[in-house]
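In case you want the letters, here they are:
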Amino acid sequence: MVETATKPAATTAEDTPKVTRSGEINGQSQGEIDGFQLIIDALKLNGIDTIFGLPGIPITDLTRKLQRAGLRVISFRHEQNAGYAASIAGFMTQKPGVCLTVSAPGFLNGLTALANATTNCFPMILISGSSEREIVDLQQGDYEEMDQVAIARPHAKAAFRVLHAEDIGVGMARAIRAALSGRPGGVYLDLPAKLFPQTIDAELGRKSLIKVVDPAPRQIPAPDAVQRALELLKSAKRPLIILGKGAAYAQADADIRALVEKTGIPYVPMSMAKGLLPDTHEQSAAAARSYVLPEADVVLLIGARLNWLLSHGKGKTWGGKSPKDWGDRKFVQIDISPQEADSNVPIDAPVVGDIGSCVSAMLGAIGSNWPKPPAEWLNAIAERKIKNVAKMTEALANNPTPMNFHSALNVVRDIVKANPDAILVNEGANALDFTRSIVDMYKPRKRLDVGTWGVMGIGMGFSVAAAVVSGEQVIAVEGDSAFGFSGMEVETLCRYNLPVCIVILNNNGVYRGDEVNTTGGRDPSPLVFVKGARYEKLMEAFGGVGVLATTPAELRSAMQEAMRSRKPTLINAVIDEKAGTESGRITSLNPTAKKK
Ligand code: FYN
Ligand code: ADP
């Protein structure tokens, strides 16, 4: 192996290859290949065609070379947003989304997104350049010095560092396999600056690359586990299915629908599983959620964990007498991770495998004479649904001045119904919770939101990725606070001319905008923003369309125009600053509320 000088030549800004008299291209003999090229070839070989990132030392040249090599490089204004984009691209495509950052601070900015990907089971690879190992390890104060692998490891499914050009193929293969196989997650890949200009024999280099074969192998469930699950489900008087975002990720849409319909079991979708079956499906029990959870006697979880979002499978949400009461309900859980079962309450019938294989095995075993659930159960749910839907219809029919969440979201609901292929990105507190229950989804993987962590800041990163990956129209419904975390990426939307329509539900603050500082001090309450902020002008600053909407009619016409033009659009939908409650529907998680 020939190693070139150790200075990070990665920052050289050559736009056209420099060919010397001795036949070297960019200082590299034609019989040799460098780290840059090997990284690019390894990505291409594995079908990775889009990189989300932010250039700088030592990866600037890599971004140029990636673009020149035909990959799409989407450059952001902050690495966290690039990271969120990569992670959601992974969720949408079942290919690891790649985020590329500079060393230390850039890496750390991307790390939140990596941790979020791991938590949400999204396949993602964070690739960061890093400083000189020798200097970093002796803590001699290198430029952007940091032991990035050590820091990434607890937040990732796996973390690797490649020191030698001939190991790039293995490093990339290990990263791809770790991100995709089993339970998907975030992987960190550390590429020190010295690696990029390293050269090795071209033939050796080509041979060192690995095209990963079957990166997410099917995991077939054991037949007795399937049988146990079916027997339990068959014995149920009040069965329920809960669909989670794992089910959406699995892309086993037709089989999941067939299982739900053949068994006739009512189902509740978790937030990002909305639309896996259309929300208008007659078996959806979403509008009777707080009735079916405590009442169900056997619950089938498909790609949904019994974490906080499902009150850990116990306590009052599930009809228990105390928060610790497990109750006597039985659970069947389909999950790719064998360790998921019993994480919160006993799982009576774990079915371990990939959702496609598990659901298809169950379908194969149930035949055509599966007994429909007792009519008493179905009628009770229907009755509950009718009541809740009537309540919702009444709330949506009101037309107050100023707008409230319902009157604004009634418009979004109609627009999504008319554009079922559009992707809905959603974040906030009240803006999230109201949108989830008001806006029906009709197709799988069309709703992308704050996920397992309730993280704020995914809005623009998810929107960019959703538009880039799918080519579909994106609608981002944002709380005014949530939007602030990634708002600068409106420039990115304009730069790439993406069909994203942002609707900011603007009530002047976090949760609501009418709080005052009761101390008499000079500062505003920590929860409020500048009143009457003109967010739409931010979009206009970069050449997009900005609209101020104070009525449902104005909001409707602006959204319709955005769908028609496909121009980056920001609609500042002004709602009553008194609208909203603390933390939306999870007020009870605030420590003071818990104490009461
Ligand atoms: C739902 N509902 C409906 C409908 N769909 N009514 C009528 N029609 C339709 N189509 C009803 C449903 O029955 C519930 O009423 C209510 O609307 C809310 O439904 P949802 O959203 O399914 O249920 P809930 O209780 O809010 O769900 C719990 C949750 C969810 C924890 C899974 O809140 C969630 O995903 N939260 C994420 C919160 C978060 O991350 N926030 C970000 C940080 S905010 P009832 O049945 O009467 O209860 C920081 O401050
Ligand atoms: P939600 O928040 O919607 O309830 P979670 O993120 O809690 O969803 O759960 C997703 C679950 O799906 C995880 O436990 C994960 O292991 C599982 N999962 C992800 N992909 C697959 C797959 N292809 N097959 C089986 N299980 C999967």
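Not measured: the values here are computed from a predicted model. (Residues numbered from 1 in each chain as written. Chains lettered and ligands numbered in written order. Predicted model: local features only at pLDDT ≥ 70, side-chain atom pairs only at ≥ 80, totals over all residues. Heavy atoms only, no water.)

Engineer: What is the right way to read the environment of I127 from this model?
Structural biologist: Tracing the backbone through its elements, the reader meets I127 in strand 5 (residues 124–130). Overall, I127 belongs to the buried group, its relative accessible area being 2%. As for I127 and A229, which are separated by 102 residues in sequence, their C-alpha atoms are 41 Å apart. (Helix = DSSP H or I, 4+ residues; strand = E, 2+ residues; numbered from the N terminus. Buried < 20%, exposed > 50% of the residue type's maximum accessible area, 1.4 Å probe, protein only.)

Engineer: How do you make sense of the site of ligand 1 when you look at a structure like this?
Structural biologist: Around ligand 1, the surrounding shell holds 23 residues, and the nearest of these are A286, S290, R436, Y511 and R585. A distance of 3.2 Å is found between an oxygen atom of ligand 1 and a backbone nitrogen or oxygen belonging to A287. At a separation of 2.7 Å, an oxygen atom of ligand 1 approaches a polar side-chain atom of R436. In the complex, 81% of the free accessible area of ligand 1, which totals 990 Å², lies under the protein chains. Listing elements by their share of the shell around ligand 1, those giving two or more residues are helix 12 (289–295), helix 14 (375–397) and helix 16 (430–438). At four residues, the largest contribution of residues to the shell around ligand 1 is made by helix 16. Broken down by class, the residue content of the shell around ligand 1 amounts to 13 nonpolar, six polar and four charged. A domain split of the shell around ligand 1 shows at least three residues from each of domain 2 (223–382) and domain 3 (398–595). (Near = heavy atom within 4 Å. Polar contact = N/O pair within 3.5 Å; in protein donor to acceptor, adjacent residues only side chain to side chain. Areas by Shrake-Rupley, 256 points an atom, 1.4 Å probe, with all protein chains shown as cover. Nonpolar A, V, L, I, M, F, W, Y, C, P; charged D, E, K, R; others polar. Domains from an automatic or database assignment.)

Engineer: Can you walk me through the pattern of salt bridges in this structure?
Structural biologist: Side chains that carry opposite charge are capable of pairing whenever their charged atoms lie near each other. Applying the stated criterion across every chain yields a total of 24 salt bridges. Measuring nitrogen to oxygen at the nearest pair gives 3.9 Å for the salt bridge that ties D440 to R413. One end of the pair, D440, is in the loop between helix 16 and strand 15 (447–449); the other, R413, is in helix 15 (residues 405–418), with 27 residues separating them in the sequence. The class of D440 is buried, set by a relative accessible area of 15%. When its relative accessible area of 25% is taken as the criterion, R413 is described as partly exposed. Here D449 makes a salt bridge to R447, at a shortest N to O gap of 2.9 Å. Exposure class is identical for D449 and R447. Each is buried. One network of salt bridges, with partners in common, ties together R77, E491 and R495. (Salt bridge = Lys/Arg side-chain N within 4 Å of Asp/Glu carboxyl O.)

Engineer: Which parts of the structure should I look at to understand the sheet that holds strand 19 (residues 569–574)?
Structural biologist: Sheet strands associate in pairs through backbone hydrogen bonding, adopting either a parallel or an antiparallel arrangement. Pairing is parallel across the open sheet formed by six strands, whose spatial order is 15-14-16-17-19-18. A strand with exactly one partner marks an edge of an open sheet, and here the two such strands are strand 15 and strand 18 (545–549). Between one strand and the next, the sheet's axes are offset by a mean angle of 15 degrees, whatever the strand orientation. Those strands touched by helix 15 are strand 14 (423–427), strand 16 (474–479) and strand 17 (500–506), and its axis lies near 165 degrees from that of strand 16. (Pairing = 2+ DSSP bridges. Axes fitted to C-alpha atoms, helices over the stretch in contact; angles between N-to-C directions. Contact = heavy atoms within 4.5 Å.)

Engineer: Sorry if this is basic, but what is going on with the domain arrangement of the protein chain here?
Structural biologist: Interfaces are often described in size by the accessible area the parts lose on coming together. Taken domain by domain, the protein chain comprises domain 1 (2–212), domain 2 (223–382) and domain 3 (398–595). The straight-line distance from the C-alpha centre of domain 2 to that of domain 3 is 31 Å. With 17 residues of domain 2 at the interface, the matching set in domain 3 holds 15 residues. In total, about 1,400 Å² of surface goes out of reach between domain 2 and domain 3, with carbon and sulfur atoms giving 54% of it. (Buried area = accessible area lost by both parts, 1.4 Å probe.)

Engineer: Looking at this model, I keep getting lost on the sheet that holds strand 4 (residues 97–101). Mind explaining?
Structural biologist: Pairing within the open sheet is parallel, and its six strands lie in the order 3-2-4-5-7-6. Of all strands in the sheet, those with a lone pairing partner are strand 3 (72–75) and strand 6 (158–161), marking the two edges. Averaged over all pairs of adjacent strands, the angle between strand axes in this sheet comes to 20 degrees, irrespective of strand direction. Summarising the sheet, strand 4 and strand 5 pair through five bridges and their orientation is parallel. Note on strand 5: the bridge partner recorded for T101 is S128.

Engineer: Honestly, the site of ligand 2 in this entry has me stumped. Any pointers?
Structural biologist: With respect to spatial proximity, 20 residues lie near ligand 2, and among them R183, K245, R305, D335 and I355 are the closest. Here an oxygen atom of ligand 2 and a side-chain polar atom of D335 are 2.5 Å apart. Expressed as a share of its isolated accessible area of 580 Å², the protein-covered part of ligand 2 is 96%. A total of three residues in the shell around ligand 2 trace back to one element, the largest contributor, which is helix 10 (residues 245–249). If you count residues domain by domain, the shell around ligand 2 takes at least three from each of domain 1 (2–212) and domain 2 (223–382).

Engineer: Whenever I open this one, the packing of aromatic side chains confuses me. Can you help?
Structural biologist: Two numbers describe a pair of aromatic rings. These are the distance of the centres and the angle of the planes. Inspection of the entire model under this criterion finds ten aromatic pairs. An angle of 35 degrees between the planes, with centres 6.3 Å apart, marks the rings of F91 and Y249 as tilted. Of this pair, F91 sits in helix 3 (residues 79–93) while Y249 sits in helix 10, and the two are 158 residues apart along the sequence. We classify F91 as buried; its relative accessible area is 1%. Given a relative accessible area of 12%, Y249 falls into the buried group. (Phe/Tyr/Trp six-rings, centres within 6.5 Å; stacked < 30°, edge-to-face > 60°.)

Engineer: Looking at this structure, I do not really get the packing of helix 3 against helix 17 (residues 459–470). What am I missing?
Structural biologist: Think of two packed helices as two axes; the pair is described by the angle between the axes and how far apart they sit. Orientation of helix 3 relative to helix 17, taken along the N-to-C sense of each, is 45 degrees, at an axis distance of 7 Å. Put simply, helix 3 runs oblique to helix 17. With respect to the hand of their crossing, helix 3 and helix 17 are arranged in right-handed fashion. Contact with helix 3, carried on its side by N81, Y84, A85, S87, I88, A89, M92 and T93, involves G461, F462, A465, A466, V469 and S470 of helix 17 and no other residues of that element. Broken down by class, the residue content of the contact of helix 3 with helix 17 amounts to nine nonpolar, five polar and no charged. (Parallel < 35°, antiparallel > 145°, perpendicular 65-115°, else oblique. Left-handed = near helix turned anticlockwise from the far one by under 90°.)

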